[in-house]
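This is what each chain is made of:
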Amino acid sequence: MARWCYRHRLVVLLLWVGALFGLGASASAAGTDYANVFSLPNTDSKRAYDQMEKAFPERAGDTDTVVWKVDTGTVRDQSVQSRIQPALDKIGKMAGVGGVTSPYAGDRGATQISANGRIAYAQITFAQQANAVPKQLVQDVVDTAQGARRGGLHVELGGQAILRVQEPPTGLAEMIGILAAAVVLFLAFGSLFAMLLPIGIAIFGVGTGLFSTQLLSHVTSVPDLAPLLATLIGLGVGIDYALFIVTRHRRGILRGMAPEDSAVIALNTSGRAVLFAGGTVCIALAGMLVTNLRFLDGVVIGTSLTVVFSVLAAVTLLPALLGFLGARVLSRRQRRKLAAEGPEPERASGFAARWSASVQKRPRSIAVMALVVMAILAIPVLSLRLGATDQGNNDASTTTRKAYDLLAEGFGPGFNGPLQVVSTSGDTNKLVQGIRATTGVAQVAALPPAQGVTVIQVVPTTSPQSEKTDQLIDTLRDKVIPEAGAQAHVGGVTAISKDFSTVTGDRLPYFIATIIGLGFLLLMVAFRSLVVPLTAALMNLIAAAASFGVLVAIFQWGWGLSLLGLGKEGPINAFLPVIMLSLLFGLSMDYQVFLVSRMHEEWVHTKDNARAVRVGLAETSRVINSAALIMVCVFLAFVLSGDSGAAMAGVGLAAAVALDAFILRTALVPAAMHLLGKSNWWLPAGLDKRLPHLAVEPAEEAPGLVTEASDGGSTVVHGFVRDAEGAPVDGAVLTLLTKGGRQLDRVTSLADGSYIVSVPAPGTYLLSATASSYGARARHVVVTDEPLVHDVELTEGEVDAVN
């Protein structure tokens, strides 16, 4: 497939461009139909909502607030009322607004004016929950309310629905992440074309994935959170997958292979690992289905689609683009050096090789040091508290943050998250008295009953994200309501957030067990080992604990939070563990696959565990660290999105990837594998026979190709290297490789142009020849049990070896 894509590169490119623009045009014409279907069956807040919807269908939705403050005088002044009340009346008449509670409406409204008379608020109740309210309606409400502003009169709006119209400029975080990735790629490759390849693959993968998700939103429920997460994961894996393949391709060219053969081998080795890694990411994402939180189904669809398209782009579009570039995938300096000095020897060098040797010499001390670092970072996770951030975490310039601060100033922080006690039977007055006497309650107001249902608005003294507010909800449910002898349920946005945190926490162990179990089975099948997947599972848990420890320290404890410009500390978003663990396990499995597949490849050839671990780490650590650095740049860029949830996810994933790549895969995993020795590759014989065979790396000992252990014994390939005029070429470098790209022998032609290379056994091999001032040549040669005569002709100038 890679060879076909390489040779038919124009067709492949046109197909991808057509797919991208075709899906884009269809998605633009169809528009978006994202539906945030959020439901928590069998929870108290859901029962409260159902009762409200039954008795007050026009008031069962989200309740938001309009807050105003005067610099001088009071909000009761006629000049203030004459501007605010008409705006409230206009909002109340809008379709989709259930009602508006004004502070100027009788004695009851007086409670909506602060004690000093400088701040007042009105409540706007929509007919639907916040996520289902049309954005245009919310924007109309905001524009109408803020139209009443004047000098000395400040009008702001707060609430869950208002948040939806405060989305920051789309594409800013993505653009900064791509630019940062481009810098890392250019430093790694030193070539503009090589830098552009992974970014182009990521853009095609993310673009087709997002457009497909947008079209699917018309036939299934996809939340508007899905595109953000799909972009987050798509950019990361798209760039990483292309990086792994391009790195292998460049190494092949530097070792004397023709561009086409190098591309084919790169796809047949790293490309297989990409397919496998993409599959593990999708499986990890699908693990979210175990939570039975239906609104996450659309997230799974969107993110998995983007990963699938990124993998397809890496294994089809990338070889086509490599065909257009040829040797220009190398930097000019590398091309000049290759022409002058010939192919590079097949050995790792530099810091990666020295570090790999150090790990082999001191595995125990390095493992202990890595474990200590991860354990220290994981300590804060012991105080992890799931919940929901509120508008106090928004940027200080947003209207929701200003409204939050005004309400807290005038009425206390509890006004930012009122509770709704929905009573269907019993003595309502006794229930109201019991609630009013409860510690932590600032205000209580019962609305007129309808169809036997009474809604009691309860304003806590603490903010929605406060742990004391959670305790108040428990007190109302477990003590106050039963003591009043009423049949009632506690609802509202704050109660829903608490119930969501509880449900998520209860289902999290099943979710973690599922994705770790599936990952264990996949790695066991791929690497024919029990110890390797067990090590990977333990490393995933360590990485998760340490990354959540970093999250708790920053967002819950507030360490360095001011540097991010995201306001005050608070609980960790309840939805984050599920999403973050899915992405983390998928991405960490990528690094495990790329690292261990190279080790396994060396183990299969040599049966020397120490050499396999040393060579695998030396040859892959640099590319894994580069890939991780790119991921970190992309994820951290989402701190600039202006959304606290996206910022939290970005910081958490960046920390997870950095710790996983720079500490676990570079130090702890290889150190542990050195300590475990040959037991790394142990698999009971009976289990080995029953497991299906799934090769991450290509089989180099397939019939008709290379049978290095056959009875034919070793032989040789010999001949002459001449130029187009028939003159001998002195000093040409000839390299014999297996079809998998492993170097077997390397010689230099003599003054008469003669050469001879050793062949370990009959089979098909790749023979490449290169010399200064000549183009490279590479051909497959079929060797029997007799010596093979094979003459090579080199042409002056830089010639595409394929042609």
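In case you missed it, the structure is sitting above this.
Residues numbered from 1 in each chain as written. Predicted model: local features only at pLDDT ≥ 70, side-chain atom pairs only at ≥ 80, totals over all residues. Heavy atoms only, no water.

**Brief notes about the overall build of the chain**
- The number of helices and strands found in the chain is 25 helices and 18 strands.
- Oriented by its inertia axes, the alpha-carbon framework of the chain measures out at about 110 × 50 × 40 Å.
- Across the 803 residues in the chain, those meeting the buried criterion constitute 56%.
- Contacts in the chain between residues at least 24 apart in sequence constitute 76% of all its contacts with a sequence separation of at least 6. (Helix = DSSP H or I, 4+ residues; strand = E, 2+ residues; numbered from the N terminus. Buried < 20%, exposed > 50% of the residue type's maximum accessible area, 1.4 Å probe, protein only. Contact = heavy atoms within 4.5 Å.)

**What to know about helix H19 (residues 493-527)**
- Relative to the 51 Å expected for 35 residues at 1.5 Å per residue, H19 spans 48 Å between its end C-alpha atoms, a close match to the ideal helical length.
- Helix geometry: H19 is bent most strongly at Arg-507, by close to 40°, with proline Pro-509 lying one to four residues after it.
- Just beyond H19, the residue with positive phi is Arg-528, at close to 50°. (Expected span 1.5 Å × (residues − 1). Bend = angle between axes of the 7 residues up to and from the residue.)

**Examining helix H22 (residues 576-606)**
- An ideal rise of 1.5 Å per residue puts 45 Å on 31 residues; H22 measures up with 44 Å between its terminal C-alpha atoms.
- H22 sits mainly inside the fold: 28 of its 31 residues count as buried.
- Phi for Lys-607, located one or two positions after H22, is positive at around 55°.

**Let's talk about the packing of aromatic side chains**
- Under the counting rule described, the total for this entry stands at six aromatic pairs.
- Ring centres of Trp-68 and Tyr-104 lie 6.1 Å apart, and the angle between their planes is 40°; this geometry places the pair in the tilted category. On the criterion of sequence distance, the pair formed by Trp-68 in strand E1 (residues 63-70) and Tyr-104 in the loop between strand E2 (97-101) and helix H5 (106-109) is long-range, its members being 36 residues apart. Here Trp-68 and Tyr-104 have matching classes, each one buried.
- An angle of 15° between the planes, with centres 5.7 Å apart, marks the rings of Trp-603 and Trp-681 as stacked. Taken together, the residues span a long stretch of sequence, with Trp-603 in helix H22 and Trp-681 in the loop between helix H24 (644-676) and helix H25 (685-690) at a distance of 78 residues.
- Trp-681 gets classed as buried once you look at its relative accessible area, which sits at 9%. (Phe/Tyr/Trp six-rings, centres within 6.5 Å; stacked < 30°, edge-to-face > 60°.)

**Here we look at unusual backbone geometry**
- In the Ramachandran plot, Gln-451 falls in the positive-phi region, its phi being about 50° despite a non-glycine side chain.
- Along the chain, Gln-451 turns up in the loop between strand E7 (441-446) and strand E8 (454-460).
- The residue Arg-528 is not glycine, and still its phi comes out positive at about 50°.
- As for its position among the elements, Arg-528 is in the loop between H19 and helix H20 (531-556).
- A relative accessible area of 14% means that Arg-528 is categorised as buried.

**Side note on the pattern of salt bridges**
- A full pass over the atoms with the stated rule returns 15 salt bridges.
- Ionic pairing is found between Asp-261 and Arg-3, a salt bridge with its closest N-O pair at 3.5 Å. In this pair, Asp-261 is assigned in helix H11 (residues 259-286) and Arg-3 in helix H1 (residues 2-7), connecting sequence segments 258 residues apart.
- By relative accessible area, Asp-261 is classed as buried at 8%.
- Asp-474 is paired through a salt bridge with Lys-498; the nearest N and O atoms lie 2.9 Å apart. Note that Asp-474 is positioned in helix H18 (residues 467-483) and Lys-498 in helix H19, a separation of 24 residues in sequence.
- Using a relative accessible area of 30% as the deciding quantity, one classes Asp-474 as partly exposed.
- Judged by its relative accessible area of 12%, Lys-498 is buried. (Salt bridge = Lys/Arg side-chain N within 4 Å of Asp/Glu carboxyl O.)

**A short note on the pairing of strand E12 (residues 733-737)**
- Burial of E12 is extensive: five of the five residues sit out of reach of the surface.
- Side chains Val-733, Thr-735 and Leu-737 of E12 all project onto a buried face; the interleaved residues Leu-734 and Leu-736 project onto the opposite face, where all are buried too.
- Two strands pair when backbone bridges link them, and E12 and strand E13 (residues 743-748) are joined in this way by five bridges, in the antiparallel orientation. Counterpart to Leu-736 in the pairing with E13 is Asp-745.
- The sheet contact formed by E12 and strand E15 (residues 763-770) spans five bridges and is antiparallel. Across the sheet, the residue bridging to Leu-734 is Ala-769, located in E15. (Pairing = 2+ DSSP bridges.)

**As for the sheet that holds E1**
- Read from one edge to the other, the open sheet built from four strands follows the order E2-E3-E1-E4, with strand pairing classed as antiparallel. The open sheet is flanked by E2 and strand E4 (153-158), the only strands paired with a single partner. Averaged over all adjacent pairs, the angle separating strand axes in this sheet is 20°, with direction ignored.
- By the bridge criterion, seven bridges tie E1 to strand E3 (residues 119-126) in an arrangement that is antiparallel. (Axes fitted to C-alpha atoms, helices over the stretch in contact; angles between N-to-C directions.)

**What about the environment of Gly-558?**
- Looking at the element boundaries, Gly-558 is found in the loop between H20 and helix H21 (561-564).
- Considered as a pair, Gly-558 and Ala-724 are 166 residues apart in the sequence and their alpha carbons are 72 Å apart.
- Ignoring sequence-local partners within four residues, the contact set of Gly-558 consists of Ala-553 and Glu-569.

**Things to note about a nonpolar patch on the surface**
- Residues Val-368, Val-372, Ile-376, Ile-379 and Leu-382 make up a contiguous nonpolar surface patch of roughly 520 Å² in combined accessible area.
- Tracing the backbone through its elements, the reader meets Ile-376 in helix H15 (residues 363-378). (Patch = residues over 30% accessible without salt bridge, like charges linked within 9 Å, V, L, I, M, F, W, Y side chains within 5 Å. Areas by Shrake-Rupley, 256 points an atom, 1.4 Å probe, with all protein chains shown as cover.)

**Description of the side chain of Ser-304**
- Among the structural elements, Ser-304 can be located in helix H12 (residues 295-325).
- Leave out the neighbours within four places in its chain, and Ser-304 touches Cys-282 and Leu-285.

**Comments concerning a positive patch on the surface**
- A cluster of like positive charges, contributed by Arg-332, Arg-333, Arg-336 and Lys-337, occupies part of the molecular surface.
- Looking at the secondary structure, you find Arg-336 in helix H13 (residues 332-341).
- For Arg-336, a relative accessible area of 56% gives the class exposed. (Lys, Arg positive; Asp, Glu negative; His and termini not counted. Charge placed at Lys NZ, Arg CZ, Asp CG, Glu CD.)

**A look at the nonpolar core**
- Grouped together as the largest cluster of nonpolar side chains are 150 residues, with contacts concentrated most on Tyr-241, Met-288, Tyr-591 and Phe-635.
- Tallying contributions element by element places H24 first for this core, with 18 residues.
- Every residue in contact with Tyr-591, bar those within four places of it in the chain, is listed here: Asp-240, Phe-244, Ile-624, Ala-627, Ala-628, Met-631, Val-657, Asp-660, Ala-661 and Arg-665.
- Core analysis: the second largest hydrophobic core is formed by 30 residues, Leu-137, Val-141, Ala-145 and Ala-161 among them. (Core = buried A, V, L, I, M, F, W, Y, C linked by side-chain atoms within 4.5 Å.)

**Some thoughts on the sheet that holds E13**
- The strand order across the open sheet formed by four strands is E13-E12-E15-E16, and the pairing between neighbours is antiparallel. Edge positions in the sheet fall to E13 and strand E16 (777-783), since each has one partner strand and no second. Averaged over all adjacent pairs, the angle separating strand axes in this sheet is 20°, with direction ignored.
- In this structure, E15 lies alongside E16, joined through seven bridges in antiparallel fashion. Across the sheet, Gly-763 pairs through a bridge with Val-783, a residue of E16.

This is a description of form; function is not addressed.
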